[in-house]
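Fold and contact review
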Amino acid sequence: MSHLLVFGLGYTAKRIAARLHECGWAVRATGSAGELDFADRNAVLAALDEASHVLSSVPPDRKTGSDPVLEAYGDALQHKPLFYLSSTGVYGDRQGAWVDEATPTIAQSGQGRRSARAEADLAWMDMGARVFRLPGIYGPGRSALDRVREGKARRIDLPGQVFSRIHVDDIASAVVAALTLDAPPGAYNIGDDWPASGNEVTEHACRLLGVEPPPLETLEEANLSEMARGFYMENRRVANGKAKRVLGWRPLYPTYVEGLESLT
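Residues numbered from 1 in each chain as written. Predicted model: local features only at pLDDT ≥ 70, side-chain atom pairs only at ≥ 80, totals over all residues. Heavy atoms only, no water.

**So, the overall build of the protein chain**
What counts, and what does not: A helix here means a DSSP run of H or I that spans at least four residues, while a strand means a run of E at least two residues long, and both kinds are numbered starting from the N terminus. Every radius of gyration here is taken over C-alpha atoms, with the globule rule written as 2.2 Å times N^0.38, N being the number of residues. Partly exposed residues are those whose accessible area sits between 20% and 50% of the maximum for their type, while under 20% is buried and over 50% is exposed, using a 1.4 Å probe and protein chains only. A contact between two residues is defined here by any heavy atoms of the two lying within 4.5 Å. Counting rule applied: Lys, Arg positive; Asp, Glu negative; His and chain ends not counted. Where a charge sits is defined by one atom per residue type, namely NZ (Lys), CZ (Arg), CG (Asp) or CD (Glu).
When helices and strands are tallied, the protein chain shows 12 helices and 12 strands. Against the compact-globule benchmark of 18 Å for 264 residues, the protein chain has a radius of gyration of 19 Å, which places it among compact chains. Across the 264 residues that make up the protein chain, the buried fraction comes to 48%. Looking at the protein chain alone, contacts between residues at least 24 apart form 80% of all its contacts between residues at least 6 apart. Taken as two groups, the 29 positive and 34 negative side-chain charges of the protein chain have centres that lie 1 Å from each other.

Quick look at the structure:
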């Protein structure tokens, strides 16, 4: 039986673990939803010894910028098939251009605002991991539909601003494919087929719910947090061709249209 150890059993990793359980894998995990205490080194090392594969969904530490998993257990990860959930934010702002896995990240090029996520992405790549670069993640309980229902949806007036997104179940199917196929190490962009503006997605969610869309606001009027403002300042389209070629993966929800309709 194959055994997966998950560092950080969060929203996305739970969906991956559920798929693997269906495939007959044994899964152990740290995190609030897992049974292992990340700080219990003896227990984690014992689980690592049993694990045939390791997946980390733990982001870099916001204060130190370091990767907690590599910091605490990097020495014990040698010779294990490694899998890491990263972010397409590692590419930085591309002014709406397409990026693929051959596009240098911020950490590789030294250009753009320094990013702890990009540094962690590079560190996992150097470890020989399969690194899944994910754009905006949505799914049950976390979508434009939920933001509209809760009165939290925004429309920001930024003509030409576009980004990619991915349904959480499509992430799970891609990662499971990589795990079961013993995919080669390297980066994989896991995004849908239709990059679009956030406004376009919000407006479609409003149509599905039969409500009027929120008013257009400038960035200044929106008074966004620094993190949210940084998100809107980046503009890129993410190509997913490598995942399709190498993993034989196809998104069940190729655009936000199918994805949102599945959540109504």
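So, next bit.
**What to know about the pairing of strand 1 (residues 3-7)**
We count it as follows: For two strands to pair, DSSP has to find at least two bridges joining them. With the strands pointing away from the viewer, any crossover whose connection runs clockwise from the first strand over the helix to the second is right-handed.
Across the five residues of strand 1, four count as buried, placing the element largely inside the fold. Of the strand pairs in this sheet, strand 1 and strand 2 (residues 26-29) are connected by four bridges, and their pairing is parallel. Paired with Val6 across the strands is Ala29, a residue of strand 2. Crossover handedness for the path strand 1 to helix 1 (residues 11-22) to strand 2: right-handed. One ladder, built from four bridges, connects strand 1 with strand 3 (residues 53-56); its direction is parallel. Looking across to strand 3, one finds that Leu5 is bridged to Val54.

**Some remarks on the packing of aromatic side chains**
To describe a pair of aromatic rings, one takes the distance between the centres and the angle between the planes. Selection rule: Put simply, two rings from Phe, Tyr or Trp (the six-membered ring, in Trp's case) pair if the centres are within 6.5 Å, and we call them stacked under 30 degrees between planes, edge-to-face over 60, tilted for the rest. Whether a charge sits over a ring comes down to the Lys NZ or Arg CZ being within 6 Å of the ring centre and within 35 degrees of the ring normal.
All told, the structure shown has seven aromatic pairs when counted by the stated rule. Ring geometry for Phe38 against Tyr73: centres 5.3 Å apart, planes inclined by 90°, an arrangement best described as edge-to-face. Residue Phe38 is found in the loop between strand 2 and helix 2 (41-50), and its partner Tyr73 is found in helix 3 (residues 68-73); the two are separated by 35 residues along the sequence. Each member of the aromatic cluster is reached from another via a ring pair, and the members are Phe7, Phe38 and Tyr73. In this structure, Arg142 is placed above the aromatic ring of Tyr11, and the distance from its NZ or CZ to the ring centre is 4.2 Å.

**Section: unusual backbone geometry**
The phi torsion at His79 lies on the positive side, around 70°, for a residue other than glycine. Among the secondary structure elements, His79 is positioned in the loop between helix 3 and strand 4 (82-87). Under the relative-accessibility criterion, His79 is labelled exposed at 82%.

**Notes on the environment of Gly89**
When you line up the elements, Gly89 lands in the loop between strand 4 and strand 5 (98-99). Considering only alpha carbons, one finds Gly89 and Phe163, 74 residues apart in sequence, at a separation of 10 Å. Those residues in contact with Gly89 that sit more than four places away from it in its chain are Ile106, Glu234 and Arg236.

**Focus: helix 1**
To keep it simple, the criterion reads: A helix is expected to span 1.5 Å multiplied by its residue count minus one.
In a regular helix each residue adds 1.5 Å, so 12 residues correspond to 16 Å; helix 1 covers 18 Å between its end C-alpha atoms and thus fits that length. Among the residues making up helix 1, those that are buried are Tyr11, Thr12, Ala13, Ile16, Ala17 and Leu20. Buried residues in helix 1 make contact with strand 1, strand 2, strand 3, strand 4, strand 7 (136-138) and helix 7 (168-181). Positive backbone phi, at 90°, marks Gly24, one or two positions downstream of helix 1.

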